[in-house]
Amino acid sequence: MSEVETSAPLPIARSVAPLRQQVRAWRDAGLRVGFVATMGALHEGHLGLVRDALIRADRVVASVFVNPTQFAPHEDLDSYPRQEARDAELLADAGCHLLFAPTAAVMYPEGFATRVEVGEPAAGLEADFRPHFFGGVAVVVVKLLNQVRADVALFGEKDYQQLLVVRRLARDLDIPTEIICSPTVRDAHGLALSSRNAYLSAEELEVARRLNIVLRQAGEAARVGSVAAAELEAVHALEAAGFNPVDYVAIRRAEDLATFDEDCIDAPARILAAAWLGRTRLIDNLAV
Ligand code: PAF
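The following paragraphs examine the structure supplied in this document. (Residues numbered from 1 in each chain as written. Predicted model: local features only at pLDDT ≥ 70, side-chain atom pairs only at ≥ 80, totals over all residues. Heavy atoms only, no water.)

Note on placement: alanine 123 falls in the loop between α4 (104–107) and α5 (126–129). Relative accessible area serves as the criterion here: at 49%, alanine 123 is assigned to the partly exposed category. A sequence separation of 96 residues divides alanine 123 from arginine 27, and the C-alpha atoms of the two residues are 37 Å apart. (Helix = DSSP H or I, 4+ residues; strand = E, 2+ residues; numbered from the N terminus. Buried < 20%, exposed > 50% of the residue type's maximum accessible area, 1.4 Å probe, protein only.)

Before going further, it helps to examine the environment of aspartate 172. Summarising the element assignment, aspartate 172 is placed in helix α7 (residues 160–172). Relative accessible area serves as the criterion here: at 43%, aspartate 172 is assigned to the partly exposed category. Each C-alpha atom, one on aspartate 172 and one on aspartate 52, is 25 Å from the other, the two residues being 120 residues apart in sequence.

Read from one edge to the other, the open sheet built from 3 strands follows the order β7-β8-β9, with strand pairing classed as antiparallel. For this open sheet the edge positions go to β7 (246–253) and β9 (280–287), each flanked by a neighbour on one side alone. On average, each strand axis in the sheet is inclined to that of its neighbour by 10°, with strand direction left out of account. Sheet topology note: the strand β8 (residues 269–277)/β9 ladder contains 8 bridges and is antiparallel. Within the sheet, the bridge partner assigned to alanine 273 lies in β9 and is aspartate 284. (Pairing = 2+ DSSP bridges. Axes fitted to C-alpha atoms, helices over the stretch in contact; angles between N-to-C directions.)

For strand β5 (residues 152–156), the tally of buried residues reaches 4 of 5 residues, placing the bulk of the element in the interior. Relative to β5, strand β2 (residues 33–38) runs parallel, the two sharing 3 bridges. Among the inter-strand pairings, glycine 34 is bridged to a residue of β5, identified as valine 152. Relative to strand β6 (residues 178–182), β5 runs parallel, the two being bridged by 5 bridges. Within β6, the position partnered with alanine 153 by the bridge is isoleucine 179. For the crossover that starts at β5, traverses α7 and ends in the parallel β6, the hand is right-handed. (Right-handed = clockwise from strand over helix to strand, strands pointing away.)

All right, on to the pairing of β9 then. Each regular strand shows side chains that alternate between the opposite faces of the sheet. Of all 8 residues that make up β9, 7 are buried, and the element is covered over most of its length. Adjacent in sequence and paired antiparallel, β8 and β9 are bridged by 2 residues, among which glycine 278 carries a positive phi angle near 60°.

Taken together, Ala37, Thr38, Met39, Asn67, Gln70, Val137, Val140 and Gln162 form the complete shell of residues around the ligand. The fraction of the free accessible surface of the ligand (290 Å²) that becomes covered by protein chains is 89%. Of all the secondary structure elements, the ones that give two or more residues to the shell around the ligand are β2 and α6 (133–148). Looking at the shell around the ligand residue by residue, the class counts come to 4 nonpolar, 4 polar and no charged. (Near = heavy atom within 4 Å. Areas by Shrake-Rupley, 256 points an atom, 1.4 Å probe, with all protein chains shown as cover. Nonpolar A, V, L, I, M, F, W, Y, C, P; charged D, E, K, R; others polar.)

As for its position among the elements, serine 194 is in the loop between β6 and α8 (202–208). Reaching out from serine 194, the side chain makes a polar contact with the backbone nitrogen of arginine 196 at a distance of 3.0 Å. Discounting residues that sit within four places of it in the chain, serine 194 has contacts with His43 and Lys158. (Polar contact = N/O pair within 3.5 Å; in protein donor to acceptor, adjacent residues only side chain to side chain. Contact = heavy atoms within 4.5 Å.)

Let us now look at the packing of helix α2 (residues 44–56) against helix α3 (residues 84–94). Following both chains from N to C, one finds α2 and α3 inclined at 35°, their axes separated by 9 Å at the closest point. Relative to α3, the crossing made by α2 is right-handed. Listed contacts from α3 to Leu47, Val50, Arg51 and Leu54 of α2 are Leu90, Leu91 and Ala94. Residue composition of the contact of α2 with α3, by class: 6 nonpolar, no polar and 1 charged. (Left-handed = near helix turned anticlockwise from the far one by under 90°.)

By size, the foremost hydrophobic cluster in this structure holds 48 residues, and its most contacted members are Leu19, Phe35, Val61 and Ile179. Counting only elements with at least two residues in this core, the list comes to α1 (16–28), β2, β4 (98–100), α6, β5, α7, β7 and β8. It is α6 that contributes the most residues to this core, 11 residues altogether. When near neighbours in sequence (up to four residues on either side) are disregarded, valine 61 contacts Leu19, Val23, Trp26, Val33, Gly34, Phe35, Val36, Cys96, Leu98, Phe100 and Val148. (Core = buried A, V, L, I, M, F, W, Y, C linked by side-chain atoms within 4.5 Å.)

In this structure, the second largest pocket encloses a volume near 180 Å³. Together, Thr69, Tyr108, Phe112, Ala113, Thr114, Arg115, Val116, Glu117, Gly135, Gly136 and Val139 line the second largest pocket. Of the residues belonging to the lining of the second largest pocket, the class tally is 5 nonpolar, 4 polar and 2 charged. (1 Å grid on protein atoms, 1.4 Å probe; cavity = no way out; pocket = protein on both sides within 12 Å on 5 of 7 lines; lining within 4 Å. Points joined across faces, edges and corners; volume = space filled by probe spheres on them.)

The next point concerns unusual backbone geometry. Cis rather than trans, the peptide bond between asparagine 244 and proline 245 has omega equal to -5°. You can see proline 245 is positioned in the loop between α10 (227–241) and β7. Positive phi is not limited to glycine here, since leucine 125 has a value of about 50°. Relative to the elements of secondary structure, leucine 125 occurs in the loop between α4 and α5. Overall, the relative accessible area of 4% leaves leucine 125 in the buried class. Backbone geometry places aspartate 174, a non-glycine residue, at a positive phi of 55°. Residue position: aspartate 174 is located in the loop between α7 and β6.

Set out below in structure tokens:
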């Protein structure tokens with residue numbers, strides 16, 4: 001289908017031509033365009049990105065595409081929650097103007113053969129445990145930014161390493177869209193909102209809420225003592241709370257995720273973690 005679908009709560013473009021046509025019309029009319037990339041299963045975190053985009057732009061496009069190339073074969077691609085009709089309603093209520101919901105064939109036509117490999121910010125941390133992840137994210141984000149051609153795009157601080165990777169690739173590849181960081185949205189207990197929180201049982205949810213508390217405490221300990229000791233203590237605290245395994249707790253330079261050579265914090269820092277509860281892998285990060 002090449003036209004924008006208009007029967008849903010907000011217009012939906014399923015391919016690039018109608019998306020670009022609409023964005024071009026807005027820009028020709030002097031309107032600024034904002035963009036929010038998602039994999040759907042929307043929650044307040046995503047809607048916060050849309051609201052932030054509305055502060056910076058006159059029109060907002062959101063994409064929903066569960067990107068297969070950022071999942072390893074053993075990961076949750078098949079079970080990843082999909083709820084397009086509800087997502088469209090939530091986006092419309094949040095003030096979004098257009099949903100871009102391409103098919104896999106639109107994004108990865110037969111013969112697709114291009115890779116995007118980002119260096120430094122994509123090394124270590126998430127990449128140690130999900131080696132395929134940033135390659136998949138980089139390809140789809142470059143495609144989405146090129147397809148939408150927005151003035152600004154908002155990415156959540158919750159996926160901090162991803163945010164740095166997206167910023168770096170946009171800079172390195174001269175993508176003219178400005179990349180803006182939007183703060184993590186948390187529940188009343190400080191748990192970072194995530195589509196994968198839907199997998200958690202009631203008991204796991206209680207444990208999950210310990211993650212941000214442990215990270216805050218470790219960040220405070222690292223500010224006045226050893227970075228390595230604070231990281232280790234946090235791993236033990238998470239294990240004691242019921243996380244198993246804890247993939248990593250790392251205190252890094254906020255700017256580029258480099259390690260602190262002297263085992264003490266001498267520049268703006270970030271504490272980042274990934275840990276499992278049952279079949280759910282949670283990530284979070286905080287400023288130290
Ligand atoms: O953060 C996400 O939801 C995804 O990694 C993104 C940026 C939409 C790319 O698929």
